[in-house]
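Residue-level structure breakdown
Each chain, written out:
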There are 2 protein chains.
Amino acid sequence: MKEGTSETPGYCRDTEDYDVRQWDTREDCEVRQILDRIADKWSLLVIALLDRRSLRFTELRRAVDGVSQRMLARTLRQLERDGLVHRTVHAVVPPRVDYELTPLGATLHSTIRALVDWTEGHQNEIAAARAAYDIREAEERAAQEQEVARRDAVARDVLAGRR
Amino acid sequence: MKEGTSETPGYCRDTEDYDVRQWDTREDCEVRQILDRIADKWSLLVIALLDRRSLRFTELRRAVDGVSQRMLARTLRQLERDGLVHRTVHAVVPPRVDYELTPLGATLHSTIRALVDWTEGHQNEIAAARAAYDIREAEERAAQEQEVARRDAVARDVLAGRR
DNA sequence: CTGAATCCCTTCCGATACTG
DNA sequence: CAGTATCGGAAGGGATTCAG
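Residues numbered from 1 in each chain as written. Chains lettered and ligands numbered in written order. Predicted model: local features only at pLDDT ≥ 70, side-chain atom pairs only at ≥ 80, totals over all residues. Heavy atoms only, no water.

**Some points on the overall build of chain A**
Put simply, the rule is: Runs of H or I in DSSP of at least four residues are treated as helices and runs of E of at least two as strands, each being numbered from the N terminus. We call a residue buried when its accessible area falls under 20% of the maximum for its residue type, exposed when it is over 50%, and partly exposed in between, using a 1.4 Å probe and counting protein chains only. By definition in these notes, contact holds between two residues if any of their heavy atoms fall within 4.5 Å.
The helix and strand inventory of chain A stands at five helices and three strands. Traced from its N-terminal end to its C-terminal end, chain A shows the element sequence α-α-β-α-α-β-β-α. Looking at chain A as a whole, 37% of its 163 residues are labelled buried. Sequence separation of at least 24 residues holds for 47% of the intrachain contacts in chain A that already meet a minimum separation of 6.

Dropping the structure here:
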C-alpha cells in the first residue's frame, strides 16, 4: 500500500449498547481521521491561503514559508483526494499547475479562517497565560527545593547534635 | 529543558520591507506555533468535550477513547499553560482533579465546535471524493501500463521482424 | 516548474513501571 | 485516582536526487 493512503481500518464497532451523547467518543471512526487531516499544520495554512484565488505550486511554496517541497506536494495531493482542492495542469513548458478550492473546500475555508482569526486575536492572552504559568511553576519549584533543603538541615542537626 | 516546553525561539525577524497582505507568511512566528497546538488532535477533542461542564481526568480519558494517559496528561498541561483550561485539585483521597474551560477557552469552544461539525457534516462528501479519486487514479495507472506494454510490443516487432 | 523517490535523522507516542 | 519517568518502535519531515 502506498505511503499516504493510510490503511483506513474503516471499522466502527457497532454502536450497540452505547448511548451517543454528543459526538465525543467512538463514532469518530472516520471523523477522527478526517479531522486529523484537516487540522493538519500545512493543510490549515494552504486552505486559509486559497481564498477565492488560485495559486500555483511555487506561489504556495513561497507563501507558506517553511514548508518543504515534499510536504507541500503531499498536502496538496491529500487535499485534492479529499475533494477540497482542485488541481489544474496547464500543458505548457515549463509546466504550470494551479490550485484552488473546490466548492466543498470553500465551505471549509470560513471555518478554518475563524480558527486562524481566533488565534491571531488571542495570541497575546495566550502568551500572557503562558508567562504567568511559567512563573507560578518556577515559584512552586523553588519553594519545593527550599522545603527539601530545610528538612535536610533539620535531619542533619538531629543526627549530629543531640540524638 | 524538559520535554514539552518547546524551545520557543520567539524570534520574529523584523517585519521591515514586508507588506503584510493578510496573515499568510511569516508574521506567524508565534501564531503558527499556537495554531499547531490548538489544532492538535487531542486538544481539539478535549476542548470540544469540555462544553460548559467540568470533567475529571478519568472521565476525559474514557470520553476521548484512544488517548493514552501520557498524551492526555500532556495535552491538559499544555491547555492549562495556555490558559484555555482550568485545573482544580481536590485534596481528597483518592485524589480528584477537575478540568473545565476558562473564559478564554470558552471563546475557542464554538470555533472548534464549528470545525468538528463541519467534519461531521461533510464526511460523506469527503469519503465520496476519495473513492472517486482512487478510481480515477487506478484507471490512469492501468491506462499507463497498457500504453507501456503496447509500445514494448511495437518495439519488439520492429527489432525482430523487418529492420 | 512540478513533482516522485530515496535516505536518514528527529520527534512523537504508546506501553510499562513507579510515586503520592 | 492522577499523574511522572523511561524506553523502544513508528511516524514525520527535511535534504537531495532524478524524471517529465
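That shown, we press on.
**Comments concerning the pairing of strand 3 (residues 96–101) of chain B**
Residues and elements named next belong to chain B. The cut-off we apply is this: A pair of strands counts as paired when DSSP detects no fewer than two bridges linking them.
Note: strand 1 (residues 55–56) against strand 3, two bridges, orientation antiparallel. Following the sheet pairing, Leu55 is matched in strand 3 by Tyr99. Judged from the six bridges that link them, strand 2 (residues 85–90) and strand 3 form a sheet pairing that is antiparallel. Bridging from a neighbouring strand, Arg87 pairs with Tyr99 of strand 3.

**Overview of the protein's contact with DNA strand D**
What counts, and what does not: The nearness test applies per residue and asks whether one of its heavy atoms lies within 4 Å of the molecule or strand. A 3.5 Å cut-off defines polar contacts: any pair of N or O atoms within that distance qualifies, except that in protein one atom must be a possible hydrogen donor and the other a possible acceptor, and neighbouring residues in sequence count only when both atoms are side-chain atoms. Three residue categories are used. Nonpolar comprises Ala, Val, Leu, Ile, Met, Phe, Trp, Tyr, Cys and Pro, charged comprises Asp, Glu, Lys and Arg, and polar comprises the others, including Gly.
The local shell around DNA strand D holds 17 residues, among which Ser68(A), Thr58(B), Gln69(B), Arg87(B) and Tyr99(B) are the closest. Backbone atoms, meaning sugar plus phosphate, form 63% of the atoms of DNA strand D positioned within 4 Å of the protein. Side-chain polar atom of Arg70(A) to a base nitrogen of DNA strand D: 3.1 Å apart, as the coordinates give it. Between DNA strand D and the protein, one listed contact pairs a base nitrogen with a side-chain N or O atom of Gln69(B) at 2.4 Å. Elements with a contribution of two residues or more to the surface near DNA strand D: helix 4 (69–81) of chain A together with helix 3 (57–64), helix 4 (69–81) and strand 3 of chain B. Looking at the surface near DNA strand D, the element that brings in the most residues is helix 4 of chain B, giving four residues. Looking at side-chain class alone, the surface near DNA strand D contains eight nonpolar, three polar and six charged residues.

**Here's the deal with the relation of the copies chain B and chain A**
Both copies of the chain are related through a single rotation about an axis accompanied by a shift along the same axis. The test is simple: The copies were overlaid by least squares, fitting only the C-alpha atoms of residues that reach a pLDDT of 70 or more in each copy.
Of the transformation superimposing chain B on chain A, the axial component is 0.1 Å and the angular component is 180 degrees, with the fit at an RMSD of 0.2 Å. Taken together, the rotation and translation relating the two chain copies correspond to the operation of a two-fold axis. Of the C-alpha atoms belonging to chain B, the one lying closest to the rotation axis is found on Ala39(B), 2.7 Å away. Of the interface residues in chain B, 100% have counterparts in chain A that sit at the interface too, so the contact is made through matching surfaces.

**Here we look at the side chain of Ser43(B)**
Within the secondary structure, Ser43(B) sits in helix 2 (residues 41–49). Residue Ser43(B) is classed as buried on the basis of its relative accessible area, which comes to 0%.

**Details of the nonpolar core**
What tends to happen in soluble globular proteins is that the nonpolar side chains get buried as a cluster. The criterion, for reference: Here, nonpolar core means buried Ala, Val, Leu, Ile, Met, Phe, Trp, Tyr and Cys residues that are tied together by side-chain atoms lying within 4.5 Å of each other.
Counting residues in hydrophobic clusters, the biggest one holds 64 residues, and the most contacted among them are Ile112(A), Ile38(B) and Ile112(B). The contact partners of Ile112(A), leaving out residues within four places of it in the chain, are Ile38(A), Leu44(A), Ile47(A), Ala48(A) and Leu115(B).

**Re unusual backbone geometry**
Of the consecutive residues Val93(A) and Pro94(A), the connecting peptide bond is found in the cis state with omega at 5 degrees. Within the secondary structure, Pro94(A) is located in the loop between strand 2 (85–90) and strand 3 (96–101). Here Arg52(B), not a glycine, exhibits a phi torsion of approximately 65 degrees, which is positive. Positionally, Arg52(B) belongs in the loop between helix 2 and strand 1.

**Observations regarding the environment of Ile34(A)**
Tracing the sequence through the fold places Ile34(A) in helix 1 (residues 31–38). Along the sequence, Ile34(A) and Asp82(A) sit 48 residues apart, while their C-alpha atoms lie 9.0 Å from each other. In contact with Ile34(A), other than residues within four places in its own chain, are Thr119(B), Gln123(B), Ile126(B) and Arg130(B).

**Things to note about the protein's contact with DNA strand C**
Taken together, 17 residues are adjacent to DNA strand C, and Thr58(A), Gln69(A), Arg87(A), Tyr99(A) and Ser68(B) come closest. In this structure, a phosphate oxygen belonging to DNA strand C sits 2.8 Å away from a side-chain N or O atom of Arg77(A). Ser68(B) places a side-chain nitrogen or oxygen 2.7 Å from a phosphate oxygen of DNA strand C. Those elements that provide at least two residues to the surface near DNA strand C are helix 3 (57–64), helix 4 and strand 3 of chain A together with helix 4 of chain B. Of the residues that constitute the surface near DNA strand C, the class distribution is eight nonpolar, four polar and five charged.

**Let's talk about the side chain of Thr111(A)**
Take Thr111(A): it is sitting in helix 5 (residues 103–160). On the basis of relative accessibility, which here comes to 12%, the residue Thr111(A) falls in the buried class. Setting aside chain neighbours within four positions, we find Thr111(A) in contact with Ala114(B), Leu115(B) and Trp118(B).

**Description of the interface of chain B and chain A**
Just so we agree on the cut-off: Once two parts are put together, the accessible area they lose, assessed with a 1.4 Å probe and summed over both, is termed the buried area. Every case where a carboxyl oxygen of Asp or Glu lies within 4 Å of a side-chain nitrogen of Lys or Arg is listed as a salt bridge.
Between chain B and chain A, the contact holds 57 residues from the first and 58 residues from the second. Buried area between chain B and chain A, both sides added, is near 5,500 Å², and the carbon and sulfur share of it is 60%. Across the contact surface, chain B and chain A share five salt bridges. Put simply, Arg130(B) and Asp82(A) hold a salt bridge, and the shortest N to O gap is 2.5 Å. Where chain B meets chain A, there are 13 residue pairs in polar contact (both at pLDDT 80 or more). Of all the elements in the fold, those that place two or more residues in the side of chain B that touches chain A are helix 1 (31–38), helix 2, helix 3, helix 4 and helix 5 (103–160) of chain B.

These results come straight from atomic positions and should not be treated as a statement about function.
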